[in-house]
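Summary of structural features
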Amino acid sequence: MANLNIRSKQERTYQAIVIGSGISGAWAAKEFCDLGVKTLMLERGRNVEHIKDYPTTNLLPYEFPHRNQIPQEIQEANPVISRCYAFREDAMHFFVKDTDHPYVQEKPFDWIRGYQVGGKSLLWARQVQRWSDFDFDGPARDGFAVDWPIRYKDIEKWYSHVEKFAGVSGFKDGIPHLPDGEFLPGYELNVVEKYFAEQLKKHYGNDRHMISARCAHIHGNAEYYAQQGRAMCQNRNLCQRGCPFGGYFSSNSSTIPWALKTGNLTLRPDAVVHSIIYDEEKGKATGVRIIDRLTKETEEFYADVIFVNAAALNTNAILLNSTSNRFPNGLGNDNGLLGKFVAFHNYRARVSGEYEGHSEFTTSGGRPTSGYFPRFRNVYKQETDFLRGYAAGFSASRGVGPDTSGIGMDLKNSLLNPDKYGPWRVGSHMMGETIPKETNFVALDPNQKDEWGMPQLRISVDYDDNDEKMVKDYIEQMTEMFTKAGFTNIQSADSKQAPGLDIHEMGGVRMGKDPKTSLLNANHQLHAVPNVYVTDGASMTSTSTQNPSLTYMAFAARAAHHAVAESKK
């Protein structure tokens, strides 16, 4: 508490505080600032400024000391993060190292994190599919979790709001359970992907679709995005380095600089949030207590409204650590459910194959997206022995290019004498919905603390029988579809990877209609502390199958406007 009273309380008082600068936190801050609200955004990591702090963005392959590979000693010291597909030499500075921020795994859980301004918005896969009422109705229809307190009509205009600003490329596909949005021109499927889509229609009618995945990349209307300082996607496929063109949406390229331009945003990096301050006399939260990441000094900030957007599991940790006489088990945790009913997406299974047709074609250039299977299992009725279903990715590429793995003369020879193109290679990966369960939870470890004296997070999350049946069905169904399309050499694989590697952890502070069975109401306010909002993954009642970030953004924008409207009453 050494620095607690150095600055006056007035200097540390704002109208709103947003905890977290990732994809949902920065959206909340942008909306507040556009509405004239003086906002403090707290980020536990270092500052990362758009373009200035992308050190590898324009490096050529030979300029990386290890040819974009992670040195063996770093892999061995960081086994969790080394399992992430994007953890390579060009982006390793944006990932949290296992050794720097330990956590307790009661069951294996690969927790992938990005502690810097912008968070994981610099690293995300940029896939943005809307939810529909087939998703929001799920828990009530199928009898798991609790009923969502909102439906598609409540969030529809906010999807449009964030899509227009972020820039989403896609086609209007007219699929009832994957609503169309405000799209920039989409990216075309290649010839074999189109062929596969036609085969699905031939064999399954209008029940199964394979479309171009909607993605948060600027593909047209560059003039509109120039006001954000962003330009067209250059199809470099180097997004994880940070894009100097702002071609894909990130907090760093879009919402944060936009909010800063209003003059209403104060950005405070290096602020490890300790807890939310609850005033028992006033019966509401009044501020946030932080620990400076570098000096370890404690400081407090105050505001009328507080948004917790620290990324799903860290949002749980902050609320669990926010104890008081009124809330001895964590802020708003009257029902004892805080930290429970955590869920994720099941990415374990893949199916691959080859295709001898269309041999006169190949592809050239890059593309920031791929094919996408909207969910087709249990959409309109329960038809399998497992609940819910899965979406899937799909892509086709042509044969073998030059071998770039060597060095020196071997590499030169490979580049100058590439192998002839082989058959098309096709592949798919599943994105399964998992069922939130009370037995999947996070809690604060009573004994182990981190470098800042904060309790380490204990994670106990696992698959269940429903997930195993879903993996089996995905492999069977995708193999059947590949076979009917004439693909050959069909192979399937179950990685058995731990939960967490999907980077879609959700829940723990779920929304609901009843304060006895949920933490948040329909407006994302804590039932028991209405001036505290949660709009990141922690708020998810169920997970559905779509990549969740677009929904977090829409939630954050909607809730920010609600908070401002409430403040004027």
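What counts as what
- Residues numbered from 1 in each chain as written.
- Predicted model: local features only at pLDDT ≥ 70, side-chain atom pairs only at ≥ 80, totals over all residues.
- Heavy atoms only, no water.
- Helix = DSSP H or I, 4+ residues; strand = E, 2+ residues; numbered from the N terminus.
- Rg over C-alpha atoms; globule rule 2.2 N^0.38 Å.
- Buried < 20%, exposed > 50% of the residue type's maximum accessible area, 1.4 Å probe, protein only.
- Contact = heavy atoms within 4.5 Å.
- Lys, Arg positive; Asp, Glu negative; His and termini not counted.
- Charge placed at Lys NZ, Arg CZ, Asp CG, Glu CD.
- Pairing = 2+ DSSP bridges.
- Right-handed = clockwise from strand over helix to strand, strands pointing away.
- UniProt positions renumbered as here; feature names shortened; annotations may be inferred.
- Expected span 1.5 Å × (residues − 1).
- Phe/Tyr/Trp six-rings, centres within 6.5 Å; stacked < 30°, edge-to-face > 60°.
- Axes fitted to C-alpha atoms, helices over the stretch in contact; angles between N-to-C directions.
- Left-handed = near helix turned anticlockwise from the far one by under 90°.
- Nonpolar A, V, L, I, M, F, W, Y, C, P; charged D, E, K, R; others polar.
- Parallel < 35°, antiparallel > 145°, perpendicular 65-115°, else oblique.

The next point concerns the overall build of the protein chain. When you go through the protein chain residue by residue, the secondary structure sums to twelve helices and 19 strands. Its C-alpha radius of gyration of 24 Å places the protein chain within 12% of the 25 Å reference for a compact globule of 569 residues. With the C-alpha coordinates of the protein chain rotated into their principal frame, the extents come out at 75 × 55 × 50 Å. Sorting the 569 residues of the protein chain into buried and exposed places 60% on the buried side. Taking contacts inside the protein chain between residues at least 6 apart in sequence as the whole, the part at least 24 apart equals 72%. Taking the average location of the 64 positive side-chain charges in the protein chain and that of its 68 negative ones, the two points are 3 Å from each other.

Let us look at the pairing of strand 1 (residues 13–19). Most of strand 1 sits inside the fold, with five of its seven residues counted as buried. Pairing analysis gives six bridges linking strand 1 to strand 8 (residues 298–308), with the strands arranged parallel. The partner of Ile19 across the bridge, within strand 8, is Val308. Sheet topology note: the strand 1/strand 2 (residues 39–42) ladder contains four bridges and is parallel. In the strand pairing of strand 2, Ile19 is matched with Leu42. For the crossover from strand 1 across helix 1 (residues 23–34) to strand 2, the handedness is right-handed.

With that settled, the discussion passes to the UniProt feature "domain: Glucose-methanol-choline oxidoreductase N-terminal" (unreviewed entry) in the protein chain. UniProt feature "domain: Glucose-methanol-choline oxidoreductase N-terminal" (unreviewed entry): in the numbering of this structure it lies at residues 106–324. For residues 106–324, helix accounts for 29% and strand for 16%, while the C-alpha atoms at its two ends are 27 Å apart.

This part covers helix 1. Between its terminal C-alpha atoms helix 1 stretches 17 Å, which fits the 16 Å expected from twelve residues at 1.5 Å a residue. Helix 1 sits mainly inside the fold: eleven of its twelve residues count as buried. Buried within helix 1 we find Ile23, Ser24, Gly25, Ala26, Trp27, Ala28, Ala29, Lys30, Glu31, Phe32 and Cys33. Following helix 1 by one or two positions, Gly36 adopts a phi angle in the positive range, close to 85°.

On to the packing of aromatic side chains. Considering all chains together, one arrives at 30 aromatic pairs under this definition. Note on Phe87 and Phe95: the rings are 5.5 Å apart at their centroids and 85° apart in plane angle, and the pair reads as edge-to-face. Judged by its relative accessible area of 5%, Phe87 falls in the buried class. Ring geometry for Phe196 against Phe487: centres 5.3 Å apart, planes inclined by 40°, an arrangement best described as tilted. Pair noted here: Phe196 is in helix 6 (residues 191–204) and Phe487 is in the loop between helix 11 (465–484) and strand 17 (488–494), with a separation of 291 residues, a long-range link. Overall, the relative accessible area of 0% leaves Phe196 in the buried class. Judged by relative accessible area, which is 5%, Phe487 ranks as buried.

Sites flagged by UniProt as "domain: Glucose-methanol-choline oxidoreductase C-terminal" (unreviewed entry) map to residues 436–556. With 23% helix and 26% strand, residues 436–556 has its two end C-alpha atoms placed 22 Å apart.

Another point: the packing of helix 1 against helix 12 (residues 549–567). At their nearest, the axes of helix 1 and helix 12 sit 8 Å apart, and the two run at 35° to each other. Crossing handedness for the pair helix 1 and helix 12: right-handed. Of the residues in helix 12, those touching helix 1 at Ile23, Ser24, Trp27, Ala28, Glu31 and Phe32 are Ser549, Tyr552, Met553, Ala556, Ala557, Ala560, His561, Ala563 and Val564. Each residue belonging to the contact of helix 1 with helix 12 can be placed in one class, and the counts come to eleven nonpolar, three polar and one charged.

Where helix 6 contacts helix 11, the two axes come as close as 9 Å, and the packing angle between them is 100°. Judged by the angle between their axes, helix 6 and helix 11 are roughly perpendicular. Contacts between helix 6 and helix 11 involve Phe196, Gln199, Leu200, His203 and Tyr204 from the former and Glu480, Met481, Phe482 and Lys484 from the latter. Taken together, the residues of the contact of helix 6 with helix 11 sort by class into five nonpolar, two polar and two charged.

Turning next to the sheet that holds strand 16 (residues 455–460). The sheet built from five strands is open, its strands ordered 3-16-15-9-18 with mixed pairing. If you trace the sheet from one side to the other, it starts and ends with strand 3 (104–105) and strand 18 (506–508), each paired once. Docked against the sheet, helix 9 (residues 312–321) engages strand 9 (340–343), strand 15 (437–449), strand 16 and strand 18, running at close to 60° with respect to strand 15.

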